[in-house]
Structures are given as C-alpha cells and as structure tokens.
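Coordinate inspection notes
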Amino acid sequence: MTDAAALQQESVPMSKSTGRRTDMRSRGEPALWSLGGALAIGIIMILGFLALVFSNGVETFIPKPITVVTGIDGTVTAGEPFRSELFKPTPEDFAKASPDWQARIKDANGYANRTLYRMGNFDIYGEDFRWVPDFMAAKIEQPHGLVFVERMEWGPFVGTVKSIKVDGVERPFTTLDDTAFVKAHETARDRSKAIRKIERVGINDVNHALEQERLGLRKVELASGRNSAEYKDAEARLTGISAGLQQRYDALSADVQKLREINAGNTITLAEIGGREKTIEFSALVRAYAANDLSFAQKAGVYVSRWAEFLGSEPREANTEGGVFPAIFGTAAMTLLMVIVVAPFGVITALYLREYAQQGRLVSFVRISVNNLAGVPSIVYGVFGLGFFAYVLGGSIDALFYPERLPNPTFGTGGLLWSALTLALLTVPVVIVATEEALAAVPRSMREGSLACGASKWQTIKYIVLPRAMPGIMTGVILAMARGAGEVAPLMLVGVVKLAPELPVDGMFPFVHLERSFMHLGFHIFDVGFQSRNAEAGKPMVFVTTVLLIALVTLVNATAIVVRNRLKKRFAGSQF
Amino acid sequence: MLKTFAGALVLAGTFAATGAYALDVDPALKDYKKKAGVEGSLKSVGSDTLNNLMALWAETFNKEYPSVKIEIEGKGSGTAPPALISGSAQFGPMSRPMKGGEMDDFEKKYGYKPTPMRVAVDALAVFVHKDNPIQCLSLAQVDAMFSKTRKKGGKEDVKTWGQVGLTGEWASKPISLYGRNSASGTYGYFKEVAMGDGDYKDSVKEQPGSSAVVQGIASDKFAIGYSGGGYKTADVKTVPLTAKEGGKCFDANSDNAYAGDYPITRFLYVYVNAKPGSKLEPLRAEFVKFVLSKQGQMGTIKDGFFPVPSAVASQDLEVLGVE
C-alpha cells in the first residue's frame, strides 16, 4: 500500500515533468494543427463555393413542371415553382386562412410556407413572378397539356396552344410532337436564318461598300478641299456606285420582305391560364415543350438544346436570355492577345535584369518597382489605360490614320487592343518575377560549361539557359493568363461593354478589328446580376455564366499546363 | 421639374390602356418604317437605369438594320455628358435632366446646348420588403428616413419603423436604408425631389445598380430603398406616396404617373448632340425616330417603364428636326 502510494507520489511529478519536457509547443504541434486547420478551412470554402455555383448553374436549364395553383380567393397562378421560404403571415392574411390552416400555422409558431412561381407572360400580366402562400392555395395540381414556350421577345409564355396557322391556313393543333407543328416551326426558323444570312452577308456588304465610298470621299475632301477637281470626280463616282448599290440593296430587301411576309402567315395562338390569347409567329418561337408530359429523354433533349443555345448564340432581351457567345469570344480573344503581348515583354525584361544588367542599386530599384507594380489596384491600371492608351495613343492614331471618320473615334475610345494592353501591363510583373526565378534556378555549372566550350553569351542564353528556364517561364505566363481572364474592373474603363454583338473578328477587311469594343464573361456576370430588369430571372443566368467562366479559365490553364509538361519532358531529355 | 412633368402630360392628355397587354403604348404614336441605306456605328454611354432599355432598343433596331453596330455602356447618368462632349458617344441616356454646369461644358466645346429627348416615364419607386405592412408614406417621412438635413420639414429623425406608424414586431426595428451611388441620376433626382436637395445619411447603403438596390431590399426584411419602378420583383413592394402630409396616397402605377399624382415621377432622357438648324445624319435620325415610335415604346413597356404619350414624342421629334 505504502509502496503503491509512494509510487503514485513519485509518478505524479514524474508525468508532469515529462509532459513539460516534450510538451505540444516544443513538438510544433499547435503550428501543425493550425496550419492544417487553415488549409482545411480554405479548401472547404473553395469546394463549397464551387459546389454552390455548379449545383445552381447545372440545374438552371433543367425543364421544370408547371404547377397550377387555384387560390381560395379564386385567383389562378400557373408557373414553374422557383423557390419557397418560411414567413410570418400578417394578421389580415392569417384571418383569410381556413381554420385547419390557422391551427397548423399556430403549431409552427406562426410561420407558414410560401412558394415563388415563375408565371411568364410578362406582356399580359405586367409581372412575371408571384409569391403564393400555401394556406392561400385551395388546389395545387400539375395538369397535362400545359406548355412552356420560350419566345424571342417578352420572355417565356405559360399556357396552352389554341391553334396554329400554316401558310395562312388554320390547322387544328394536336400535340407539340405533331409533324405539322414541328415542320412549321423548323421551316419558320429556316426562313429566319435565311433572312439573317441575307441581312448579315448581302445587305451588310452593300452597306459596308457604301460606307467605304463615303469615307473615301471624305478623305478626298480632307486632302484636297471641297472645290477641287478630285473631289468632284470622287463625288460623281460615289453617285454612280451608290445607285448600283442601292439597286442591289432594294433587291435584297425585297427578298427579306417576301420571307417576312411568309413568316407572318405562320403563327401560333397561345392562351394563358385565364383564357387571354396571344398570337405569335413561328419564327419568334425558340422552343416549346409540354412541361408536365415530358419523358426523361425529352427532358434531356430540352436541357442539351438550352445549353447549346447558351453557348452558341447571341444574347437577347438585354442580355437576360439567349446565349453568351460574343462574351466567350471576347474573353478568349482578349486573353490571347494579352498573352501575345505580355510573354515576350516580360521575358525580355527579366532576361535583361538577370543576365545583362549590372547588379547594383539601380537594378534593385527597378526590381522593387516591378514588385510594387503587382500591388497596384487593378482599377488604377484601368484609368491609366483609358487616359494613356485610349485617349493619348488612340487619339493620335485617329488623327493620323482615320481623320475622315472623326469626330467618331476609331481607336480613340476603349477597345479590344487597349484592353489587352492594359491587362498586359497589369500582369507583366507576374511574368517578370517568375522568369527571373526560373533563370536564377539554372545551375551555374551549365552556363560555365557552355561558355567554356566557346559559346557566346547570347548562344548560352538561347541554347542552355532559356530552354532550362522554359517550364518556369510558362508557369509565370499561366499565372498571368489566369489573372487576366478573371479581371473585370479595369476592363470596364477600356473597352468592355454591355452589348456588342459584333465580334472583333469577321469577314470584313481587315478581318481582325482591334478597335472594337467587346463583351466579356466577367462583366456579363456583373451586368446580368446587378443591372437586369428582373433580378429574379437574372440570378440563374449569373450562376450559369459563372460556371462557364470558371470552366473556361480551367480549360485555358489546363492547356497551358499540358504544354508546359511537354516542354519539361523535351528538355529533360537533353540534359546530361 | 415636377411641374413641367405634370404640365407636359396634361398637355398630352392621357390614354387608356387597351388590348391584350397589361399596358399599351399610345395608339397615336407613329409606326416605325424601315429606311434604306442606314449604316454605321452608334455608341451610347450613360445612365444605368436606362441601360437595359437602350440594349432592348439596340436589339430591335439591329433587327431592322443588321449592319448597324451599336454599343451600349451604362455606368451612371454622370458619365453621359463627358462622353457626349468628347464625341465618344452619339447618345447620352440620362435618368435626370442635365445640370447647368454639364450643359455649359458642352456649349463651350460645340457652341450650342445638347438636345434632350424624353424617351420614357418612370415612377421612381420607394421599395420595401414584400412582408412590410406599411400602407403609405409622405415625402416628409421619406425625407426624414433618408436625409440628415430634413429639408422637407420632418420634425424628428426617423430611425425605426415604429416612427412611421408600424406596430408589433416592426415598431422597434431599425430602418435599413438602400440607395444608389452618386454617379447615378436616380441618386440625384431622389435627392432633389424627395429630399429638397438635402444630404443623404451616411448609413444609406449605396448600390452599384438599380437592380442591386432591389436585391438588397429583397434580402433585408427591414429595408427601404429607392430605384427605378421598372426594377420591381416579386420580393419587394412599392410604397404608395403622398406629397402632402395626411394627403391621399398614390401608388407607383401608370395612371398615377401620367396624371402627375405620384409625387416622384420623372422623364428619362436621351441626350443628343444636335446642331440647331442642321439635320441629324440618317443613322441617328432613324434611331431617334425608332425610339419614339410604337415599336420603340413597346420596348419601354418591356423594360418595366411607362411609354411616353405621342404629344411628348412628336414635340421632341420636332425639336430634333426629325420627321
């Protein structure tokens, strides 16, 4: 007993002392745990964010059933259930509820559920979303035969199809899968495409030729004055040409008019749930489906065709509907142009700083300045880009090369080129720093070996140093690209606009139009999210566009990484 | 400003909404007819309130003239005058009339004033959360909520919903204020008309867009804020307003707006650089004509604003020398 007691007495201080000797702090565990914890929190937050964006973005295009709610006061609401929430009904609303519901609400501490329905039919109702509390609904059903119609204008229509008219002849409507219906829709869409082609290609050519002639005349006027013989000649020539062009234009417009008239004879009459009717042309119909009668395959079909429309077409209805193709194109073109500028400049600067410059106070000052450049807020670059690139540089270019277009600026305003240059400026420190690191990591022995073999300094750099440093340089360029593709704030000042369906690359000479403003996915997200008329309808589009932007940046980065790894392998082989 | 608005509309007379639409354009407005040989590029820089409307017009206009290039930029009404002056934009949409100083700057460069075109009627709405039971507010009460100077004669600073007559759980809840940023014409117009040119409280949460104000209110139960009436969603409701304390309250609907009863009704403008005595070139003339036509004003309805009566449209077309 005493032994045990003694042992215990002894063991208590013993264990205390051992605890003190190898305590958590000396083993570095708290640091380890907090580091691990911080990392875990970071990863969870990123994954959570991605999960939120993806789940919302992926499900947006799934067709949802149409629910018809008949209220206890007789109002009928038909639409897609959008979301629901708990709320506290006001005493007046509470009084309207049935006794049964009143008891249920009381049980739930005064809370009731309500659902937001997307009703569509904005042109008829003047509102397109409506909240319906559960206790106000007398009957909730999903009847067959209701159709969800996506239109070119006014947003979706929810209701039934009354009748269709094909080539001016009234036809009975059976189902949406009926061959007569499908064919009428297809031919109408084909006609619209034909109209578009005539307008985009034929009429565009005519107008462009006319504009070129007019600008040519103005050029002559600027060069030799209004009263000169040259001006008179050019004027006469313009009159001759424009008469010919006018004829071509008239012929093309007549074709368009004919197609439009046929389109006007192919209509579909829809009725909303209350019976009010609306007739639209087949050509204004994007897609129609019987929302409550869809099989799984049909649902998938609608889903895929919506994604295809989103990725491949132009925006409609002030960017809230349709696709984002111009924005995808603009983002990609701008990023590419930026890389073309930033990579050589960054690499050359780093090469000079590391290999040629006398290491001294001046060089370290330059280096510090470059590092500080990376910390300047991006909007400041935007202001610089607008002030220097667009107004000073662009203004001079306009005065020198495009005087006939003034006062309309050509390069003297925001555009693709200036945006790319501004972002190049913003990302050049990343490339410089990464390249310098990569150059410094090339072993001294390799350089010395090369020099000892009689190679000149430039030969050493070209054949020994740069290839070895290439993967590191690529990393810098990838980082710069990722930063550039996601940047929006400076672009808002130097060329990104809400609407510019005209792509910077097209079939008109000189094919690449660097002066044009462009659309950008990042700005598109901001625009749809914070500037669209109906914030509710815009929200899903925000998620979809975000998914797309993330996917695009990932794709660009992945491509660059694959290229880098290939380079690595290639140069690994040439090592000793 | 309010007087000129009411005057213009009384002059125009009101028209009844007819047809299948919730709201219809004035049947006396002209139909737009396409013209040949219109080409070139247009740029519009200005109001964020009018941003969507300009985009809708651009889309429809583009359908008529596919080779016309239209670019739309909208960062606030304050950005319109500099863009018009520098010539980088042909159209300057603004949600408030141009200020004297801005007019002068323009005149200094061109020797004449820019020409406003009234393109839509907007009942600038005061929004609250959809569950808010408030029935009516006077401008003095609104002023006492938003302003620290209380130029409209409110006696005390209104900080809680109880001070404007709400009871129950609302009485003690502080009012959360939402508004636009200072580049916005909506900010300026609200300051002028609803606050008698007083100063905003520092606690007003300034939002970058009209829609952002509505979204802020939708997610904040005790919020109040002002924004263009066209931006209403199902999550917010508009508060009927009265100009006089104890007077009849008018909701922000088209009838009250046209009759001039709703106290913060405004025109939305597009400013044009039009030299007096000379004609606009075809492209701009066609766009102007289109905007003030039946088709153009349909776009106004689509964006949630109210169309202008034909008398206003023909007046502005006359001033611009466009037939």
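All chains use their own residue numbering, which begins from 1 and follows the written sequence. Chains carry letters from A onward and ligands carry numbers from 1 onward, assigned in written order. In view of the model being predicted, local features appear only for residues whose pLDDT reaches at least 70, and side-chain atom pairs are presented and counted only at 80 or more, with totals across whole chains, interfaces and linings using the full set of residues.

This part is about the overall build of chain B. Along the backbone of chain B there are eleven helices and twelve strands. For 323 residues, the compact-globule formula gives about 20 Å, and the C-alpha radius of gyration of chain B, at 20 Å, lands near that figure. C-alpha atoms of chain B, sized along the principal axes, occupy 65 × 45 × 35 Å. When the 323 residues of chain B are sorted by exposure, 54% land in the buried category. Two residues qualify as being in contact provided that their C-beta atoms, derived from the backbone, are within 7 Å of each other. Taking contacts inside chain B between residues at least 6 apart in sequence as the whole, the part at least 24 apart equals 73%. By the criteria applied, helices consist of DSSP H or I runs no shorter than four residues and strands consist of E runs no shorter than two, each listed in order from the N terminus. In this description the radius of gyration comes from C-alpha coordinates, and the expected globular size is given by 2.2 Å times residues to the power 0.38. Each residue is classed by its C-beta neighbour count within 10 Å, where at least 20 other C-beta atoms makes it buried, 12 or fewer makes it exposed, and intermediate counts make it partly exposed; the C-beta atoms are placed from backbone geometry.

A few words on the overall build of chain A. Helices and strands together make up the secondary structure of chain A, namely 17 helices and 13 strands. Taken against the 2.2 N^0.38 rule, which gives 25 Å for 576 residues, the C-alpha radius of gyration of chain A at 34 Å runs more than 25% over that of a compact globule. The principal-axis extent of the C-alpha atoms belonging to chain A is close to 110 × 95 × 45 Å. Relative to its 576 residues, chain A shows a buried fraction of 33%.

What follows concerns the domain arrangement of chain B. A common measure of how large an interface is: the accessible area buried when the components associate. All names here are of chain B. According to the domain assignment, chain B contains domain 1 (2-122 + 266-320) and domain 2 (125-251). Start and end positions for the domains come from either an automated domain assignment or a database one. Inter-centroid distance (C-alpha atoms) of domain 1 to domain 2 is 28 Å. Each partner contributes residues to the interface: domain 1 has 17 residues there, and domain 2 has 14 residues.

A separate point is the interface of chain B and chain A. Taken together, the contact between chain B and chain A spans 41 residues of the former and 46 residues of the latter. Secondary-structure elements contributing two or more residues to the side of chain B that touches chain A are helix 2 (51-64), strand 2 (68-74) and helix 7 (210-218) of chain B. Of the residues in the side of chain B that touches chain A, the class split is 17 nonpolar, 14 polar and ten charged. The residue classification treats Ala, Val, Leu, Ile, Met, Phe, Trp, Tyr, Cys and Pro as nonpolar and Asp, Glu, Lys and Arg as charged. All others, Gly included, are polar.

Residue and element names in this part refer to chain A. Between helix 9 (residues 325-356) and helix 14 (residues 457-486), the shortest axis-to-axis distance is 9 Å and the interhelical angle comes to 140 degrees. Considering their axes alone, helix 9 and helix 14 lie oblique with respect to each other. At the point where helix 9 passes helix 14, the crossing takes the right-handed sense. In this structure, helix 9 contributes Thr 331, Thr 335, Met 338, Val 339, Val 342, Ala 343, Gly 346, Val 347, Leu 351 and Glu 355 to the contact, and helix 14 contributes Ile 461, Ile 473, Gly 476, Val 477, Ala 480, Met 481, Gly 484 and Ala 485. Taken together, the residues that form the contact of helix 9 with helix 14 break down as twelve nonpolar, five polar and one charged. Axis definition: a line fitted to C-alpha atoms, over the contacting stretch in the case of helices. Angles run 0 to 180 degrees between N-to-C directions. The scheme is simple: roughly parallel for angles under 35 degrees, roughly antiparallel for over 145, roughly perpendicular for 65 to 115, oblique for anything else. By definition, turning the near helix anticlockwise from the far helix through less than a right angle yields a left-handed crossing, and turning it clockwise yields a right-handed one.

By convention in this section, buried Ala, Val, Leu, Ile, Met, Phe, Trp, Tyr and Cys residues joined through C-beta atoms within 7 Å make up a nonpolar core. One finds A:Ala420, A:Val431, A:Val477, B:Val126 and B:Val288 to be the most contacted residues of the largest nonpolar core, which totals 162 residues. For this core, the element with the most residues is helix 12 (residues 416-440) of chain A, which contributes 16 residues. Residue contacts for B:Val126: discarding those within four places in its chain leaves B:Leu137, B:Val142, B:Ile224, B:Tyr226, B:Thr238, B:Val239 and B:Leu241. In terms of nonpolar packing, the next biggest core, distinct from the first, is built from 30 residues, A:Phe148, A:Phe157, A:Ile268 and A:Ala288 among them.

Where strands meet in a sheet, backbone hydrogen bonds hold them as pairs that are either parallel or antiparallel. Residues and elements named next belong to chain A. Strand pairing follows a simple DSSP-based rule, namely that at least 2 bridges must link the two strands. Spatially, five strands are ordered 4-3-2-1-5 in an open sheet, and the strand pairing comes out antiparallel. This sheet does not close on itself; its edge strands, each paired only once, are strand 4 (129-133) and strand 5 (137-141). Taking each pair of neighbouring strands and ignoring which way they run, the sheet shows an average axis angle of 40 degrees. Judged from the seven bridges that link them, strand 2 (residues 76-87) and strand 3 (residues 112-118) form a sheet pairing that is antiparallel. When the bridges of strand 3 are listed, Glu 80 appears paired with Arg 118.

Moving on: the domain arrangement of chain A. All names here are of chain A. In terms of domains, chain A is made up of domain 1 (57-162 + 268-312), domain 2 (169-264) and domain 3 (325-573). A straight line from the C-alpha centre of domain 2 to that of domain 3 covers 38 Å. Contact residues are listed per partner, giving five residues for domain 2 and four residues for domain 3. Class assignment for the residues of the side of domain 2 that touches domain 3 results in two nonpolar, one polar and two charged.

Quick look at the sheet that holds strand 5 (residues 125-129) of chain B now. Residues and elements named next belong to chain B. Across the sheet, five strands lie side by side as 8-7-9-5-10; this open sheet has mixed pairing. In the strand order of this sheet, the two ends are held by strand 8 (205-207) and strand 10 (236-238), each with one partner. Taken pair by pair, the neighbouring strands of this sheet meet at an average axis angle of 30 degrees, ignoring direction. Sheet analysis places strand 7 (residues 176-180) next to strand 9 (residues 223-227), joined by three bridges and oriented parallel. Of the residues in strand 9, the one forming a bridge with Tyr 178 is Gly 225.

Right, let's talk about the environment of A:Glu211 for a bit. For A:Glu211, the position within the fold is in helix 6 (residues 179-224). The class of A:Glu211 is partly exposed, set by 16 C-beta atoms lying within 10 Å. Sequence separation between A:Glu211 and A:Ser242 is 31 residues; the distance between their C-alpha atoms is 9.8 Å. When near neighbours in sequence (up to four residues on either side) are disregarded, A:Glu211 contacts B:Glu39 and B:Gly40.

With that settled, consider the confidence of the model for chain A. What pLDDT expresses is the predictor's confidence in each residue, scored from 0 to 100. For chain A, mean pLDDT is 85; residues scoring 70 or higher make up 94% of the total. Scored below 50 in pLDDT, residues 5-19 of chain A makes zero contacts in the model with residues more than four places away or belonging to other chains.

Looking now at the confidence of the model for chain B. Overall, the predicted model of chain B reaches an average pLDDT of 84, with 93% of residues at or above 70. ipTM for the predicted complex: 0.76, alongside a pTM of 0.81.

What follows covers the pairing of strand 5 of chain B. On a regular strand, each side chain points to the face opposite its neighbour's, so the side chains alternate between the two faces of the sheet. Residue and element names in this part refer to chain B. Most of strand 5 is tucked away: four of the five residues are buried. In this sheet, strand 10 lies alongside strand 5 in antiparallel orientation, the contact comprising three bridges. Residue pairing across strands places Phe 127 opposite Thr 238, the latter belonging to strand 10.

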